[in-house]
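Architecture at a glance
What follows is each chain in one-letter form.
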Amino acid sequence: MTYTAYSPSLSSLWTPGGRPGVMDLRSRWRRLVLPALDGEVLDVGAGEGRSTGSLPGSARVTSLEPHPGSVRRLRRSAKGRRGARVVQARAEAMPLPDRSMDAAICCVTLCSVDDQDRALAEIHRVLRPGGRLVVFEHVAGPKGTWLRAGQKLVAPFSRATDRGCHPARDTEAALDRSALRIEQLVRIDAAGPWGLRIPHLAAVLGRVDR
Ligand SMILES: C[S@@+](CC[C@H](N)C(=O)[O-])C[C@H]1O[C@@H](n2cnc3c(N)ncnc32)[C@H](O)[C@@H]1O
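First things first, this report covers the structure right here in the doc. Model, not experiment: these values are computed from the prediction. (Residues numbered from 1 in each chain as written. Predicted model: local features only at pLDDT ≥ 70, side-chain atom pairs only at ≥ 80, totals over all residues. Heavy atoms only, no water.)

Let's shift gears to the overall build of the chain. For the chain, the count of helices and strands is five helices and seven strands. When the helices and strands of the chain are listed from N to C terminus, the series reads α-β-β-α-β-β-α-β-α-α-β-β. Its C-alpha radius of gyration of 16 Å places the chain within 12% of the 17 Å reference for a compact globule of 210 residues. The dimensions of the chain, computed from C-alpha atoms along their principal axes, are 45 × 35 × 30 Å. When each of the 210 residues of the chain is scored for burial, the buried share is 51%. Restricting to contacts in the chain with at least 6 residues of sequence separation, those with at least 24 account for 65%. Here the chain displays about 10,200 Å² of accessible surface, and carbon together with sulfur accounts for 54% of that area. The positive charge centre, built from 33 side chains, and the negative charge centre, built from 21, are 3 Å apart in the chain. (Helix = DSSP H or I, 4+ residues; strand = E, 2+ residues; numbered from the N terminus. Rg over C-alpha atoms; globule rule 2.2 N^0.38 Å. Buried < 20%, exposed > 50% of the residue type's maximum accessible area, 1.4 Å probe, protein only. Contact = heavy atoms within 4.5 Å. Areas by Shrake-Rupley, 256 points an atom, 1.4 Å probe, with all protein chains shown as cover. Lys, Arg positive; Asp, Glu negative; His and termini not counted. Charge placed at Lys NZ, Arg CZ, Asp CG, Glu CD.)

In structure tokens, the structure reads:
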């Protein structure tokens, strides 16, 4: 499979005159971005496999997930999809061959991994040259804000109770440090509970080998 240009523009995630809800924004991202992926597609931290339904039927999905309960559910639903497989592993150490994937998905997963740099290095390794990583993540609020201080305060609790989820991750810096090339990146605030503003980023990155 050869990618030339990635056509969906992430700027269309913005809604004029309103802040979308967190789940609404996530579903809109899935509907916008995922149908453009095809071939061997890796869903990193697949959870309950919610991204799979937005991929084209021709995509062969590898769901990578460490949590045993989610792996059991993913294995049950993989039976109904041609070419689907489930790998129980962490993003930091993927038992997958080099250059074996056409695309990778991180949908609210880089908030949960233990080591973002290691996970991104692994994604770079398993993507073939020209392959793409699409990312949708909630991220840390701006430095020095009450929002960021609050996110840091609740982080130990959410790490312990929500499968490692860290609300104050500087994911944009990690993407910048990675060997992947950022092709598109947008920052969008979603409306959270109690009127809270939840900063998100959506990005498309490519493996470009010279
Ligand atoms: C918030 S859920 C997102 C699930 C799914 N991507 C989605 O869009 O609904 C985060 C997922 O990352 C998984 N996870 C946690 N640590 C991980 C790691 N080190 N490597 C890969 N996945 C991890 C969790 O088990 C969980 O399923």
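Following the structure, the description resumes.
Moving on: the layout of surface pockets. Empty pockets left among the atoms are what a rolling probe the size of a water molecule brings to light. The computed volume of the largest pocket comes to approximately 1,200 Å³. In terms of lining, the largest pocket is formed by 45 residues, of which the most central are Val-108, Cys-111, Ser-112, Asp-162 and Cys-165. Among the elements that line the lining of the largest pocket, the one with the most residues is helix α4 (residues 146-161), at six residues. Its residues placed into classes, the lining of the largest pocket shows 22 nonpolar, 12 polar and 11 charged. For the second largest pocket, the calculated volume is near 160 Å³. Around the second largest pocket, the lining comprises 13 residues; the ones closest to its centre are Val-139, Ala-140, Asp-170, Glu-172 and Arg-187. The leading source of residues in the lining of the second largest pocket is strand β7 (residues 197-206), at three residues. For the lining of the second largest pocket, a count of residues per class yields five nonpolar, two polar and six charged. (1 Å grid on protein atoms, 1.4 Å probe; cavity = no way out; pocket = protein on both sides within 12 Å on 5 of 7 lines; lining within 4 Å. Points joined across faces, edges and corners; volume = space filled by probe spheres on them. Nonpolar A, V, L, I, M, F, W, Y, C, P; charged D, E, K, R; others polar.)

Turning our attention to helix α1 (residues 22-33). Counting along an α-helix, one turn takes 3.6 residues, and residues three or four places apart therefore face a common direction. With 12 residues, α1 ought to run about 16 Å at 1.5 Å a step, and its terminal C-alpha atoms sit 17 Å apart, in line with that. Listing the buried residues of α1 in full gives Val-22, Leu-25, Arg-26, Arg-28, Trp-29, Arg-30 and Val-33. Next to the buried residues of α1 lie β4 (101-107), β5 (127-138), β6 (181-191) and β7. (Expected span 1.5 Å × (residues − 1).)

Among the nonpolar cores identified, the biggest contains 27 residues, and Leu-42, Leu-64, Met-94, Ile-123, Leu-133 and Val-135 are the most heavily contacted of them. Among the elements of the structure, β1 (40-44), β4, α3 (116-126), β5, α5 (171-177) and β7 are those that each provide at least two residues to this core. Ranked by residues supplied to this core, first place goes to α3 with four residues. Once you skip the residues sitting within four places of it in the chain, Leu-133 turns out to touch Ala-104, Ile-105, Cys-106, Leu-120, Ile-123, Leu-127, Leu-180, Ala-203, Val-204 and Leu-205. Residues Trp-29, Cys-107, Phe-136 and Val-204 belong to the second largest nonpolar core, which totals 25 residues. (Core = buried A, V, L, I, M, F, W, Y, C linked by side-chain atoms within 4.5 Å.)

This brings us to the environment of Ala-103. Tracing the backbone through its elements, the reader meets Ala-103 in strand β4. Note on Ala-103: relative accessible area 0%, which makes it buried. On a C-alpha basis, the gap between Ala-103 and Ala-173 in space is 21 Å, while along the polypeptide they are 70 residues apart.

Another aspect to go through is the site of the ligand. Taken together, 16 residues are adjacent to the ligand, and Arg-30, Gly-45, Glu-65, Ala-91 and Cys-107 come closest. In this structure, an oxygen atom belonging to the ligand sits 2.7 Å away from a side-chain N or O atom of Arg-30. In the model, a nitrogen atom of the ligand is placed 2.8 Å from a nitrogen or oxygen of the Ala-91 main chain. Expressed as a share of its isolated accessible area of 590 Å², the protein-covered part of the ligand is 89%. According to the grid-proximity analysis, the pocket containing the ligand is the largest pocket. Grouping the constituent residues of the shell around the ligand by class yields six nonpolar, five polar and five charged. (Near = heavy atom within 4 Å. Polar contact = N/O pair within 3.5 Å; in protein donor to acceptor, adjacent residues only side chain to side chain. Sits in = over half its atoms within 2 Å of the grid points.)

Read these as geometric descriptors, not functional statements.
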